[in-house]
Each structure stands twice: as C-alpha cells, then as structure tokens.
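# Tertiary structure, described
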Amino acid sequence: MLLPVMAFDRFVAICKPLRYTLIMNHQVCTQMVITIWIIGFFHALLHSIMTSRLNFCGSSHIHHFFCDVKPLLELACGNIELNQWLLSNVTGTVAMGPFFLTLLSYFYIIFYLFFKTHSCSMFHKALSTCASHFMVVVLFYAPVVFTYIHPASGSSMDQDWIIAIMYSVVTPVLNPLIYTLRNKAVKGALRRVIGRRL
C-alpha cells in the first residue's frame, strides 16, 4: 500500500513541483498513512476470522518458513472454497489495486515528461528519481502476483516457498541498497572500494 503513495509523491514532485508542499501537506500524508493502516488491518482481520472458522486435522506442520494464509489452507479439513476465493479475489484486489495506481502515477509522469517538458536533463533527472522506486515495485509485485494471483491447484508448495522468500526476505534486504545507491556519498565510497581492489 505504501508503494502507490510513494509513486504519488514522485508524481507531485515531478509534475507539480511548485505546488508540492501544498498538495503533500501534513494532513494529506497523515490521512494516507491512516488509510493504509486501516486497509491493512481489516484485510488481515478478514483472513484471520475466516481461517479461525476452519477445522484442522492431521499434520500441524506448515510447509513454509512463516505462517501464511495459503499454506495454512492446505492443512484445513472441509470446504475451503470461500477462503480460497477471498485469498484470490480480495488479496488480488488489495495487491493489484495499488499496483495499478502506481502504474497510473508513472504513466502520468512519463506523459508529462514527454509532452510538457522539452529538457533532456529534466527528463533524465526525473527518470533517475523514479528508477529506484520502480525497481522496488517490480521486485515486490512480481513474487506477489505469482503467489496470490495464480490458481492454487497448479502450484507447488516448494515454488510458493521460494517466491515467499523473494518478497519477504530478498526485497526488504535489497530496499536499502537500491535507495542508497542514489546517494552521492555512497556512490563515492563504492567507487573508492572498487578502485582499490582493481
């Protein structure tokens, strides 16, 4: 949910730079954060309530490295169609809605840069500002799409396990690296370290 907010922030910074402080004021930022927390809370609550109503029998070993809804449904006895429908459709909407809002922000940024500005340096600067965020968007959404959007019957739990590692371990580890590589001091230090080894 934070990714479209960050994309909107970049849209305002690039396309409306003189009105940035007016548009992205403290009240708007607070409202966006509260909205994200409320949506996340009720989404988690929905799955918690629906999963708590299931009966579990047999093995209590979850073939996963953390307790996620999808592998937990594999252990349930009885009818889990409603839970799977909620997992696919509600989680798909909660994941893909922000993804499309992020793409919409980037579409407007690119449209603005192509048709409103005629400066190559501004175009390059804007794209370099957006590149790190867009890389994080791709790293986060690609595994999420494979985990929650594809049908449950055609997937193996090992494949889901590897994809879950991507979005829960690899992406958060790469986030600081991606965002700090834009910092001039970090770039200079990296060049010095690489220069010494060569």
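As annotated in an unreviewed UniProt entry, the protein chain carries the name G-protein coupled receptors family 1 profile domain-containing protein and comes from Eschrichtius robustus. Taken directly from UniProt, the Subcellular location (unreviewed entry) text for the protein chain runs: "Cell membrane".

On to the overall build of the protein chain, then. Summing up its helical and strand segments, the protein chain has eight helices and two strands in all. The order of helices and strands in the protein chain, counted from the N terminus, is α-α-α-β-α-β-α-α-α-α. Relative to its 198 residues, the protein chain shows a buried fraction of 33%. Taking contacts inside the protein chain between residues at least 6 apart in sequence as the whole, the part at least 24 apart equals 68%. Total accessible area on the protein chain is roughly 12,800 Å²; 70% of this is exposed by carbon and sulfur atoms.

Two numbers describe a pair of packed helices, the interaxial angle and the distance between the axes. At a closest axis distance of 8 Å, the pairing of helix α1 (residues 2-15) and helix α5 (residues 81-115) adopts a crossing angle of 15 degrees. The angle between α1 and α5 falls in the class roughly parallel. You can see that α1 and α5 cross each other, and the crossing is left-handed. For the pair α1 and α5, the contacting residues are Leu3, Pro4, Ala7, Phe8, Arg10, Phe11, Ile14 and Cys15 in the first and Pro98, Leu101, Thr102, Ser105, Tyr106, Tyr108, Ile109, Tyr112 and Leu113 in the second.

Let's shift gears to the UniProt feature "transmembrane region" (unreviewed entry) in the protein chain. In the numbering used here, UniProt assigns the "transmembrane region" (unreviewed entry) feature to residues 28-46, 95-115, 127-149 and 161-181. In residues 28-46, helix accounts for 100% and strand for 0%; the two terminal C-alpha atoms are 27 Å from one another. Within residues 95-115, the helical portion is 100% and the strand portion 0%, while the C-alpha atoms at the span's ends are 31 Å from each other.

This next bit is on the side chain of arginine 10. Tracing the chain through its elements places arginine 10 in helix α1. It turns out arginine 10 is buried and unbridged, and the closest side chain with the opposite charge, aspartate 9, is 4.4 Å from it. In this structure, arginine 10 is in contact with Tyr106, Ile109, Thr129, Cys130, His133 and Tyr179, ignoring residues within four places of it in sequence.

With that out of the way, let us pick up the layout of surface pockets. Taken as a whole, the second largest pocket spans an internal volume of roughly 300 Å³. Lining the second largest pocket are 15 residues, and of these Pro4, Val5, Phe8, Met32 and Leu101 lie nearest its centre. Broken down by secondary-structure element, the contributors of at least two residues to the lining of the second largest pocket are α1, α3 (26-52) and α5. The dominant element in the lining of the second largest pocket, judged by the number of residues it contributes, is α5, at six residues.

What counts as what
The numbers attached to residues start from 1 for each chain and follow its sequence in the written order. Totals for whole chains, interfaces and linings use all residues, but because this is a predicted model, local features are given only for residues with pLDDT of at least 70 and pairs of side-chain atoms are given and counted only at 80 or more. Think of the side-chain values as coming from all heavy atoms in the structure, minus any hydrogens and water. UniProt positions are given in the numbering used here, feature names are shortened, and annotations may be inferred rather than shown by experiment. Strands are runs of DSSP state E lasting at least two residues, helices are runs of H or I lasting at least four, and both sets are numbered from the N terminus onward. Under the scheme applied here, a residue whose accessible area is under 20% of the maximum for its type counts as buried, over 50% as exposed, and between as partly exposed, the area being computed with a 1.4 Å probe on protein chains only. Any two residues having at least one pair of non-hydrogen atoms within 4.5 Å are treated as being in contact. What sets the accessible areas is the Shrake-Rupley method with a 1.4 Å probe; for residues, cover comes only from the shown protein chains. Only C-alpha atoms enter the line fits that serve as axes; for helices the fit covers just the stretch in contact. Angles between N-to-C directions range over 0 to 180 degrees. Oblique is the label for every angle not falling under 35 degrees (roughly parallel), over 145 degrees (roughly antiparallel), or within 65 to 115 degrees (roughly perpendicular). Rotating anticlockwise by less than a right angle from the far helix to the near helix defines a left-handed crossing, while the corresponding clockwise rotation defines a right-handed one. Residues scored as positive are Lys and Arg, those scored as negative are Asp and Glu, and His as well as the terminal groups of each chain are ignored. Each salt bridge in this description consists of a side-chain nitrogen of Lys or Arg and a carboxyl oxygen of Asp or Glu lying within 4 Å of one another. We place a 1 Å grid over just the protein atoms. Points where a 1.4 Å probe fits but has no way out form a cavity, open points with protein on both sides within 12 Å along at least 5 of 7 lines form a pocket, and any residue with an atom within 4 Å of a point lines it. Grid points are joined across faces, edges and corners, and a volume is the space filled by probe spheres set on the points.

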